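Chain by chain, the residues run as shown.
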Amino acid sequence: MNYTLRQLKVFVAVATEGSFSLAGQRVGLSQSAVSHSIKALEAEIGVKLLDRTTREVQLTHAGQQLASKLSVQLEELNTTLLELRRYGGQRSGTVRLAASQTISARLMPACLAQARQRYPEVRLLLQDSVQQSVLQSVLNATVDFGIVIDPLNSDEFEIQPILNDPFLLLYRSDDPLSVPPVVCWEDLRDRELVLQDYASGSRALIDNIFREQKISPRVIQQVGHPVTLYPMAEAGIGISILPALALPLPSGSQLAVRRIYPEYHRTLMLIRRKNRSLSPAAEAIWQLVCEQADYLSSHRDFIPER
């Protein structure tokens, strides 16, 4: 049957007020619009609902049956919709987020602090893990969403790029590479390197850079955690490539970082399962992470000029 919610509301208003004009004031329609709405509803259901005279409006037997049930059902519907509206504005509950180590160390502390201040009723839990674990957690729905490094070869996620993070050269401050005004990838051709292993989302990108630059790197050590690169480089075991988000350097170390040309970067992306909606609280945290990434992108004092 082709009737509208407005027609039902108009009918209930007429049944309650006993007048077309008073019903019109209640629902915000003219008297003629109320009359037209009632006639259209009667025509649709095929039964007379009201007896009209110049002095009064009376419900028919069918009208009484409809009015007695409809007023309750419309009130229940209105209550349900109000509850949904409150849920849509709700910013409470637990939100679980997964990110790799360098992302967690640099970006997430500010996000956690902002979330606590802005959404005190939201409990934000961070899972600090390698990229493959982050992907699996999002797929398994053990977290609401994650932050990973592009490229992501999967059509199972909805993604949103949030930050470009440049790769930098890590070396001892007394290394010959500290002398030239510009360092190029070609300058690394005969050098020994310490890099993160393939659990890191950055490693595949670094390998691609070397292939593009037609350089076969001499990787003598591979480590699991980015922080381990610092003592390796400081001990003179090898130089390294690390993302800018792995900064700052350890206080008092003999290490330095600088840009390498041409510049390459990794792209950080928010991911969630495709066709899976976030809760209002998780959606709020998603937007907060985007804001913090924008802020970090525009305040990059920790990246060296050269």
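Residue indices follow the written sequence of each chain, beginning from 1 at its first position. For a predicted model such as this one, the threshold for reporting local features is a pLDDT of at least 70, and the threshold for listing and counting side-chain atom pairs is 80 or more; totals across whole chains, interfaces and linings nevertheless cover every residue. Hydrogens and waters are ignored; side-chain quantities use all the structure's heavy atoms.

- The name an unreviewed UniProt entry gives the chain is LysR family transcriptional regulator, with Tatumella ptyseos ATCC 33301 as the organism.
- The annotation that UniProt attaches to the chain under Sequence similarities (unreviewed entry) is "Belongs to the LysR transcriptional regulatory family." UniProt positions are given in the numbering used here, feature names are shortened, and annotations may be inferred rather than shown by experiment.

## Things to note about helix H7 (residues 131-139)
Next up, step 1: Relative accessible area decides the class of each residue, using a 1.4 Å probe on protein chains only: under 20% of the type maximum gives buried, over 50% gives exposed, and in between gives partly exposed. By the criteria applied, helices consist of DSSP H or I runs no shorter than four residues and strands consist of E runs no shorter than two, each listed in order from the N terminus. Among the residues of H7, those classed as buried are Gln131, Val134, Leu135, Ser137 and Val138. The arc enclosing the buried residues of H7, seen along the axis, measures out at 165°, which places them on a common side.
Next up, step 2: Looking at the buried side of H7, the elements it contacts are strand S3 (93-99), strand S4 (122-128), strand S5 (145-149), strand S6 (157-172), helix H8 (201-212) and strand S11 (265-273).
Next up, step 3: Taken from the residues just after H7, Ala141 is the one with a positive phi, measuring 65°. As used here, the arc is the angular range of directions from the helix axis to the C-beta atoms. Working rule for contacts: check all heavy atoms of both residues, and any pair within 4.5 Å makes them a contact.

## Some thoughts on the layout of surface pockets
A water-sized probe rolled over the atoms picks out the places where empty space is left.
Next up, step 1: Buriedness for pockets is judged along seven lines, at least five of which must meet protein on both sides within 12 Å for an open set on the 1 Å grid over protein atoms alone, while cavities are sets there where a 1.4 Å probe fits but cannot get out, and lining residues have an atom within 4 Å of a point. Grid points are joined across faces, edges and corners, and a volume is the space filled by probe spheres set on the points. Estimates place the volume of the second largest pocket at around 270 Å³.
Next up, step 2: Counting only elements with at least two residues in the lining of the second largest pocket, the list comes to helix H1 (5-17), helix H2 (20-27) and helix H4 (61-88).

## Quick notes on the environment of Phe20
Next up, step 1: Topologically, Phe20 is positioned in helix H2.
Next up, step 2: Owing to a relative accessible area of 9%, Phe20 belongs among the buried residues under this scheme.
Next up, step 3: Along the backbone, Phe20 and Val34 are 14 residues apart, and their C-alpha atoms lie at a distance of 6.3 Å.
Next up, step 4: Residue contacts for Phe20: discarding those within four places in its chain leaves Val14, Gln31, Val34, Ser35, Leu50, Arg52 and Val57.

## Overview of the packing of H1 against H2
Next up, step 1: Every axis corresponds to a line fitted to the C-alpha atoms, with the helix fit spanning only the stretch in contact, and the corresponding angles, defined between N-to-C directions, vary from 0 to 180 degrees. Two elements in contact, H1 and H2, have axes whose closest approach is 8 Å; the angle formed by their N-to-C orientations is 130°. Here H1 lies oblique to H2, going by the angle between them. Considering only the axes of H1 and H2, their crossing is right-handed. For the pair H1 and H2, contact is made by Lys9, Val10, Ala13, Val14, Thr16 and Glu17 and by Phe20, Leu22, Ala23, Arg26 and Val27, respectively.
Next up, step 2: Note that Gly is not counted as nonpolar here; it falls among the polar residues with everything else outside the nonpolar set of Ala, Val, Leu, Ile, Met, Phe, Trp, Tyr, Cys and Pro and the charged set of Asp, Glu, Lys and Arg. Among the residues forming the contact of H1 with H2, the class breakdown is seven nonpolar, one polar and three charged. By the definition adopted for this analysis, an angle is roughly parallel if under 35 degrees, roughly antiparallel if over 145, roughly perpendicular if from 65 to 115, and oblique otherwise. The hand of a helix crossing depends on one turn: near helix anticlockwise from the far one by less than a right angle means left-handed, and clockwise means right-handed.

## So, the domain arrangement of the chain
Next up, step 1: Per the domain assignment, the segments making up the chain are domain 1 (5-89), domain 2 (93-162 + 268-299) and domain 3 (164-265).
Next up, step 2: Domain delimitation follows an automatic or database domain assignment. Taken over C-alpha atoms, the centre of domain 1 sits 73 Å from the centre of domain 3.

## Let's talk about the nonpolar core
Next up, step 1: The biggest cluster of nonpolar side chains holds 49 residues, and the ones touching the most others in it are Ile147, Ile162, Ile241 and Ile285.
Next up, step 2: When residues of this core are sorted by domain, at least three fall in each of domain 2 (93-162 + 268-299) and domain 3 (164-265).
Next up, step 3: Setting aside chain neighbours within four positions, we find Ile241 in contact with Phe167, Leu168, Leu169, Trp185, Leu188, Leu193, Val194, Leu195, Ile206, Leu229 and Ile260.
Next up, step 4: By nonpolar core we mean a set of buried residues, namely Ala, Val, Leu, Ile, Met, Phe, Trp, Tyr and Cys, connected to one another through side-chain atoms within 4.5 Å. Counting residues in hydrophobic clusters, the runner-up holds 17 residues, among them Leu8, Phe11, Leu41 and Val57.

## A look at the pattern of salt bridges
Oppositely charged side chains are able to pair whenever their charged atoms sit close together.
Next up, step 1: By definition here, a salt bridge exists when the distance from a side-chain nitrogen of Lys or Arg to a carboxyl oxygen of Asp or Glu is within 4 Å. All chains considered together, the criterion is met by twelve salt bridges.
Next up, step 2: Ionic pairing is found between Glu158 and Arg272, a salt bridge with its closest N-O pair at 3.4 Å. Residue Glu158 is located in strand S6, and its partner Arg272 is located in strand S11; the two are separated by 114 residues in the primary sequence.
Next up, step 3: For Glu158, a relative accessible area of 29% translates into the label partly exposed.
Next up, step 4: Given a relative accessible area of 17%, Arg272 falls into the buried group.
Next up, step 5: For the salt bridge of Glu263 with Arg259, the shortest nitrogen-to-oxygen distance reads 2.6 Å.
Next up, step 6: Residue Glu263 is classed as partly exposed on the basis of its relative accessible area of 43%.
Next up, step 7: Assessed through its relative accessible area of 18%, Arg259 is described here as buried.

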